[in-house]
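# Residue-level structural notes
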Amino acid sequence: MVGRYLTQYLIQKGYDVNWLSRKAGGGKSQGGKNQGNKGQGNRVQVFQWDIDKQTIDEKAISSADHIIHLAGAGVAEQRWTPKRKQEILDSRTKSSALIVKALNEIPNHITTVVSASAIGWYGPDRPDSKSPFTEDMPYYPGFLGDTCKAWEESIEPVTASGKRLVRLRTGIVLSRTGGAITEFKKPIRAGIIPIFGSGKQVVSWIHVEDLCKLFLYAIENKETQGSYNAVAPNPVTSKALMIALAKRMGRSWALPVPVPAFILKILLGEMSIEILKSATVSSGKIEAAGFRFSYPTIEQAVGNL
């Protein structure tokens, strides 16, 4: 989802885009709305890589100026079985390892690597602290915290080859197509506002357009380096998010229906932790670096979406 939006955004800003795909592309140009570049011509080329075999089309690397690393199996797409957990981890660390290998072995002029990470690094809000999470805080042991730590460490070696590395710890991404908003709309259209658990848990979110802007900001502003939280300045409670969405959809009359924690645990297993936990994450560092959000409040975000 993010890749499609980001492709369109980069093309609008004058960039050509190389995709890395598991399917053979051979540098073949892509067009059309499904690729996120409708009306932009053939500005996207597809190159093949194989994460398991650790192979990559050299032209993808030799022709690029920057790398944006989004690869990774979806965290919320399937129940967290041991097999799925390993897939979530391996898809991130093995793809990072291939990028590191490629940059070391293939002559290139790449200057910047921007890697996705996630606010799962921080875990839940600490009961003994009212301060939001900032980038200097340690990772939280647990599946997502461990995964984010391994993910970030796996891409770190690109700095040894002189590349500037930026890691964006991304919150819940809100967009028109796919992601959380799409799922939340379904019960609201039927007149039900689901309130997960207490509804008081804090959601740190970001509009997909701001996320795309942030990736480009990281590329174009050479002073940015290290980890940044990719979240809007105004996190909200889960309940406030759902009510704001219902209001914007013209469903203010919809009935709030509690979905107890134990029901979520039955339905989702361990993954329910991520819906029920509160994570208040600060955007202060990237704002101090000069970035300005187009959608800083949830009302502005859902109004646009």
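Quick notes on the rules
Residues numbered from 1 in each chain as written. Predicted model: local features only at pLDDT ≥ 70, side-chain atom pairs only at ≥ 80, totals over all residues. Heavy atoms only, no water. Helix = DSSP H or I, 4+ residues; strand = E, 2+ residues; numbered from the N terminus. Buried < 20%, exposed > 50% of the residue type's maximum accessible area, 1.4 Å probe, protein only. Contact = heavy atoms within 4.5 Å. Areas by Shrake-Rupley, 256 points an atom, 1.4 Å probe, with all protein chains shown as cover. Lys, Arg positive; Asp, Glu negative; His and termini not counted. Charge placed at Lys NZ, Arg CZ, Asp CG, Glu CD. pLDDT = per-residue confidence, 0-100. Pairing = 2+ DSSP bridges. Expected span 1.5 Å × (residues − 1).

A separate point is the overall build of the chain. In terms of regular secondary structure, the chain is built from eleven helices and 14 strands. Its C-alpha atoms give the chain principal-axis dimensions of roughly 60 × 45 × 40 Å. Taking all 305 residues of the chain together, 47% fall into the buried category. Counting only contacts in the chain whose residues sit at least 6 apart along the sequence, the fraction spanning at least 24 positions is 80%. For the chain, the exposed surface amounts to about 14,900 Å²; the carbon and sulfur share of it is 54%. Averaged over its 39 positive side-chain charges, the chain has a centre that lies 8 Å from the centre of its 27 negative ones.

Here we take up the confidence of the model for the chain. Taken as a whole, the chain shows an average pLDDT of 92; of its residues, 94% reach a score of 70 or greater. Below a pLDDT of 50 lies the segment residues 32-40, which in the model reaches 18 contacts outside its immediate sequence neighbourhood of four places, other chains included.

Before going further, it helps to spend a moment on the pairing of strand β3 (residues 44-50). Here five bridges tie strand β1 (residues 17-21) to β3, and the two strands are oriented parallel to one another. When the sheet's bridge partners are listed, V17 is paired in β3 with V44. As paired elements, β3 and strand β4 (residues 55-56) share two bridges and run antiparallel to each other. Directly across from W49, in β4, lies its bridge partner I56. Between β3 and β4, which pair antiparallel and follow one another directly, the connecting turn spans four residues, one of which, Q54, has a positive phi of 60°.

The subject of this paragraph is helix α4 (residues 143-155). Compared with the 18 Å implied by 1.5 Å per residue over 13 residues, the 19 Å span of α4 between its first and last C-alpha is a close match. Restricting attention to buried positions, one finds in α4 the residues F143, L144, G145, T147, C148, W151, E152, S154 and I155. Those residues of α4 that are buried are in contact with β5 (66-69), α3 (82-105), β6 (112-118), β7 (164-170), β12 (226-230) and α9 (272-276).

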